[in-house]
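Working through the structure, step by step
Chain by chain, the residues:
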Amino acid sequence: MAKKKAIENNAVQPLADNVHIQGAGTIKDERIVDTLTSNYMPYAMSVILSRAIPEIDGFKPSHRKLLYTMYNMGLLQGGTIKSANIVGRTMQLNPHGDASIYETMIRLSRGNESLLYPYVESKGNFGKAYSKNMMYAASRYTEAKLAPISKELFEDINKDTVDFVDNYDNTMKEPTLLPVTFPTILANVTTGIAVGMASSIASFNLGELCDTTIALIKNPAHEISETLLAPDFVGGGYIIYDREELEKIYENGRGSVKVRAKYNYEKSYNCINVTEIPPTTTSEAIIDKIVELVKGNKIRELSDIRDETDLKGLRITLDLKRGTDPDKLMTKLYKMTQLEDTFSCNFNVLIKGTPMVLGVKDILEEWIDFRLECVRRRTQFTLDKKAERLHLLQGLEKILLDIDKAIRIIRNTEAEADVVPNLMIGFGIDKAQAEYVAEIKLRHLNREYILKRTKDIEDLIKEIAELEGILGSKNKQKKIIVKELEEVKKKYSTERKSEVLYQVEEFDSTEEVEIPDYPVTLFITKEGYLNKIRTANLRMSGEQKVKEGDEVVRTFECSNKDELLAFTDKCQVYKAKIDDFPDSKASQLGTFVASKLEMEPDEKTVFVCVIREYKGYMIFAFENGKIAKVDISAYQTKTNRKKLLKAYSGKVPLSAMEYIEEDCELVLCSSNGRMLLLNTGALASKSTKDTIGVSVMTQKKNHKLESMHFYTEGEFEKPWRFRTKSLPAAGAVPGPADNTDQLTF
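What you are looking at is a predicted structure, and each value in this text was computed from that prediction instead of being measured.

Conventions used here
Residues numbered from 1 in each chain as written. Predicted model: local features only at pLDDT ≥ 70, side-chain atom pairs only at ≥ 80, totals over all residues. Heavy atoms only, no water. Buried < 20%, exposed > 50% of the residue type's maximum accessible area, 1.4 Å probe, protein only. Helix = DSSP H or I, 4+ residues; strand = E, 2+ residues; numbered from the N terminus. Pairing = 2+ DSSP bridges. Phe/Tyr/Trp six-rings, centres within 6.5 Å; stacked < 30°, edge-to-face > 60°. Lys NZ or Arg CZ within 6 Å of the ring centre and 35° of its normal. Axes fitted to C-alpha atoms, helices over the stretch in contact; angles between N-to-C directions. Parallel < 35°, antiparallel > 145°, perpendicular 65-115°, else oblique. Left-handed = near helix turned anticlockwise from the far one by under 90°. Contact = heavy atoms within 4.5 Å. Nonpolar A, V, L, I, M, F, W, Y, C, P; charged D, E, K, R; others polar. Disulfide = S-S within 2.5 Å.

Turning to the pairing of strand 25 (residues 617-622), a few remarks are in order. Most of strand 25 is tucked away: 6 of the 6 residues are buried. With burial as the criterion, each face of strand 25 is covered, one bearing Y617, I619 and A621 and the other bearing M618, F620 and F622. Pairing of strand 25 with strand 26 (residues 626-631), which is carried by 5 bridges, proceeds in the antiparallel orientation. Following the sheet pairing, I619 is matched in strand 26 by K629. In textbook terms, the turn of a hairpin is the stretch between consecutive antiparallel strands, and for strand 25 and strand 26 this stretch comprises 3 residues, one of which, G625, has a positive phi near 90°.

Right, let's get into the packing of aromatic side chains. Counted according to the given criterion, the structure contains 17 aromatic pairs. Ring centres of F567 and Y635 lie 5.6 Å apart, and the angle between their planes is 85°; this geometry places the pair in the edge-to-face category. With a gap of 68 residues between them, F567 in strand 21 (residues 563-568) and Y635 in the loop between strand 26 and strand 27 (643-644) connect regions that are remote in the sequence. With respect to class, F567 is no different from Y635; both count as buried. Here the basic side chain of K262 rests over the ring of Y238, its NZ or CZ set 5.2 Å away from the ring centre. Across the ring face of Y518, the terminal group of R534 is positioned such that the distance to the ring centre comes to 3.6 Å.

Our next topic: the packing of helix 12 (residues 419-427) against helix 13 (residues 431-438). At a minimum axis distance of 9 Å, the contact between helix 12 and helix 13 shows a crossing angle of 115°. Relative to helix 13, the element helix 12 is oriented roughly perpendicular. For the crossing formed where helix 12 meets helix 13, the hand is right-handed. Only K431, A434, E435, V437 and A438 of helix 13 make contact with helix 12, whose side of the interface consists of V419, V420, L423 and M424. When grouped by side-chain class, the residues that make up the contact of helix 12 with helix 13 number 7 nonpolar, no polar and 2 charged.

Strand-to-strand pairing in sheets goes through backbone hydrogen bonds, with the strands running parallel or antiparallel. The 4 strands are arranged 28-25-26-31 in an open sheet whose pairing can be described as antiparallel. Since the sheet does not close on itself, it has two edges, and those belong to strand 28 (654-660) and strand 31 (694-695), each with one partner.

Let us look at the state of the cysteines. Every disulfide links exactly two cysteines, by a covalent bond between their sulfur atoms. Counted according to the given criterion, the structure contains 0 disulfides. The structure places no disulfide on C210, whose sulfur is separated from the nearest cysteine sulfur, that of C374, by 16 Å. When its relative accessible area of 0% is taken as the criterion, C210 is described as buried. The cysteine C669 is free of any disulfide, with C664 supplying the nearest cysteine sulfur at 14 Å.

Attention now goes to the sheet that holds strand 20 (residues 552-559). Read across the sheet, 4 strands follow the order 20-18-19-23 without closing on themselves; strand pairing throughout is antiparallel. The strands lining the two open edges of the sheet, one partner per strand, are strand 20 and strand 23 (591-592). Alignment of strand 18 (residues 519-525) against strand 19 (residues 529-534), held across 5 bridges, turns out to be antiparallel. Looking across to strand 19, one finds that F523 is bridged to N531.

Here it is, written out as structure tokens:
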């Protein structure tokens, strides 16, 4: 109780009434559905309608605000200006920070290569869409202006073609849409992630797009695929033609397009140059994936990979090993890397404030309706202006009947405010006509001037009749749109950048990679370096180069197709293809085996052997005199595993090991000076790699089996002394006539 009272006494007292927050700290019971409806849904709708999903003019609000600002700055003509200036002015319409505005400009620019038909001409470093490492320069260093094609975005925007609304602080007006003269919504790639929905729109060739729209205007039943071949991407590449998927995109707005990289083979340098990649990836991602595959021994045909991208454009260079078929390798890389990637289509567009997933045909029909409304509003605006002009000139025509009377009325009017009413009474004209007459300069009160003005009446009447005819005929409005589309195609259409492939060769994973077969000589040093030299080049090579203090301890003559097994002091074995090691020269140190095979930091190689076929045995000699005979097939794997655990028993220290292709005689040497001549045929082979073996050479106390080597004829004067009929055996002490100076490993 005392503790409770202390807490109450020390409780924070409420603030004064004038700063007390009503209802603060109270817990309110509310259904989660109501909370989502009142708090989360408005946010979600704001993102959908005002941020992420493009509208029928092809733009998100951020794009539209930036381009309209540049248009108002007069950047359709003249030279470029600093990007920072443009960004600052755009903040009058888009108050979301200079960084996001500049990033929007980057994507719209020609230099960044994000859009098939860029709207901004750039000067300076605007980065590259195909490289995540090539960052753009700051806005104070770069310059920009509107591209010529942007003229088609603002054509007749001041003729009431679209609605205008107040900006965020009600100091300016901005368009809700742009009166685009071609279907920009399908001319450039547009992606966006909203809340609960996303949009991903592919780009199409402008010429094909205009032809398709014209054909659809003339014939609503037109088959889209007849004129719209396939998507076209700014990065080029090959489009893998899939009629079924394209039909889904054209009809439903959902589907996927496979895009392959383009490459060329340089025979003189034996390398592949990748120059165009899919729009969904970057050069760094492709290189990282290929490097990963090379390290995992899944790709053996490459000797090097370089990113040679420069001012001329994208270029990834793959250096090939001798004898590699470049086309087969690329077919394999298409399957295993992002050199072939999928562009997923989700044609989600805002139509009159409502997000809709539409097919290409539906989008074009919506755009035609939108453009018809723009043409109708523009025509009505022009008609109203000409009708107003006609009305004024008709009043002027009445003055022509008696100019002197008009002058007399004005001269005899005492008050200025009475001039207009007196002219209205004197000539029977309305207020607007009288105001127009009253504002004519004195120098223009001559018959010649008035006759020139009144001659325009006939032209205006004809023009008004023509405009009224357009307003009353939808066919005439469609003809205007068709004419505009033909002009756009003529001015801005380009050749396809993405070539369509109708038949492609797919990679067959069941086919083994053909490794070039040629004789090589391996030099393995004490420090763990391996130097692979073509046997044909060995005669021309000088003395084998090694590090100071190092020496060559083993030499193998083998084939480039053979495999190498490296046993370590941690009872593990690492496997590699001889082909995995690059061809070298005697003047080079070679490859550090531990690094190439990704051994553990403190792991050391104790034995290396070369396997052509998995036939034969591994012989392990342990200090306690036991010998393990393991069938070499125990180390064969179906997968490309590089590391095998429990390669041999670690229960007793290992003295030596050898690989034998068939049974032979080995000499076992003990620390007590005895030797035993063992025929391996007397041992039963095991399939368990880490078997402890069987007792072969008995050891006296404080002595151990020290070494093992192959027996050579003539090594012992009386070989029968060192052989035994039963195992284990102690062996014999060599005599003075026995040649015991044998090399051991």
